[in-house]
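The chain contents come next:
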Amino acid sequence: FNPDSQLVKLSSVGLAAGRLTMGLIDLAVFPGPKSNPHDYAPALFLAHEAGLFATNLEGDRPQQIDMTQPTNGLILARTYELGSEVVKIVEKLW
C-alpha cells in the first residue's frame with residue numbers, strides 16, 4: 001500500500017462504487033457482518049460494468065454471491081492486484 005494514501009470514510013457502498021468508477025478512489029472495504037442485497041447489488045453492478053475487482057470479505061466473486069441473501073461485507077478495488085492483496089490481508093484478520 002502507498003504510505004501517502006488517504007483514508008476517506010463513506011457510508012454508502014454505492015457511492016464508493018461510483019467514486020471508484022470515476023477514478024476518485026482506488027479501494028473501498030465495507031465490513032459485514034451482513035450487507036443486504038439492496039445495499040451491495042448496485043455496487044457490484046457498477047463494479048462489473050467498469051471492470052473493477054469485487055468480492056465479499058471471504059473472497060467470493062459476484063457470480064458466487066447469492067443476491068437474494070445478505071453477504072459478508074464487500075471489497076471493491078480499481079485493480080485485481082490491489083483487490084487480491086486486500087483479500088489476503090482480510091483473510092489473515094478474519
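Whatever comes next refers back to the structure up there.
Let us look at the structure shown here. (Residues numbered from 1 in each chain as written. Predicted model: local features only at pLDDT ≥ 70, side-chain atom pairs only at ≥ 80, totals over all residues. Heavy atoms only, no water.)

Now for the overall build of the protein. A count of helical and extended segments in the protein gives 3 helices and 3 strands. Element order for the protein, N to C, with α for helix and β for strand: α-β-α-β-β-α. Here the protein has a C-alpha radius of gyration of 12 Å; the compact-globule value for 94 residues is 12 Å, and the two agree. Counting only C-alpha atoms and orienting by the principal axes, one finds that the protein spans roughly 40 × 30 × 20 Å. Residue burial in the protein is summarised as follows: out of 94 residues, 36% are buried. Taking the intrachain contacts of the protein between residues at least 6 apart in sequence as the baseline, contacts between residues at least 24 apart amount to 64%. In the form shown here, the protein has an accessible surface area of approximately 6100 Å², with 54% of it arising from carbon and sulfur atoms. Considering the protein, the positive charge centre built from 7 side chains and the negative charge centre built from 10 side chains are found 4 Å apart. (Helix = DSSP H or I, 4+ residues; strand = E, 2+ residues; numbered from the N terminus. Rg over C-alpha atoms; globule rule 2.2 N^0.38 Å. Buried < 20%, exposed > 50% of the residue type's maximum accessible area, 1.4 Å probe, protein only. Contact = heavy atoms within 4.5 Å. Areas by Shrake-Rupley, 256 points an atom, 1.4 Å probe, with all protein chains shown as cover. Lys, Arg positive; Asp, Glu negative; His and termini not counted. Charge placed at Lys NZ, Arg CZ, Asp CG, Glu CD.)

To continue, consider the environment of serine 12. Within the secondary structure layout, serine 12 lies in the segment before helix H1 (13-21). For the pair serine 12 and glutamine 63, spaced 51 residues apart in sequence, the C-alpha to C-alpha distance is 22 Å. Engagement of the side chain of serine 12 in a polar contact is seen with the backbone nitrogen of glycine 14, the distance being 3.3 Å. (Polar contact = N/O pair within 3.5 Å; in protein donor to acceptor, adjacent residues only side chain to side chain.)

Attention now moves to the pairing of strand S3 (residues 74-77). Neither face of S3 is left uncovered, since the one carrying Leu74 and Leu76 and the one carrying Ile75 and Ala77 both have all their residues buried. The pairing of strand S1 (residues 27-30) with S3 spans 4 bridges and is antiparallel. Bridging across to S3, phenylalanine 30 finds its partner in leucine 74. By the bridge criterion, 3 bridges tie strand S2 (residues 53-55) to S3 in an arrangement that is antiparallel. (Pairing = 2+ DSSP bridges.)

Another point: the packing of H1 against helix H2 (residues 37-50). Between two packed helices, both the angle of their axes relative to each other and the distance between the axes serve to describe the pair. Put simply, H1 and H2 touch, their axes get as near as 8 Å, and they point 10° apart. The orientation of H1 relative to H2 falls into the category roughly parallel. Every residue of H2 that contacts H1 at Val13, Gly14, Ala17, Gly18 and Thr21 is listed here: Asp39, Tyr40, Ala43, Leu46 and Ala50. Per-class residue counts for the contact of H1 with H2 are 6 nonpolar, 3 polar and 1 charged. (Axes fitted to C-alpha atoms, helices over the stretch in contact; angles between N-to-C directions. Parallel < 35°, antiparallel > 145°, perpendicular 65-115°, else oblique. Nonpolar A, V, L, I, M, F, W, Y, C, P; charged D, E, K, R; others polar.)

One can find asparagine 72 in the loop between S2 and S3. Polar side-chain contacts of asparagine 72 include one of 3.3 Å to the side chain of glutamate 58.

Distances and angles like these do not, on their own, reveal function.
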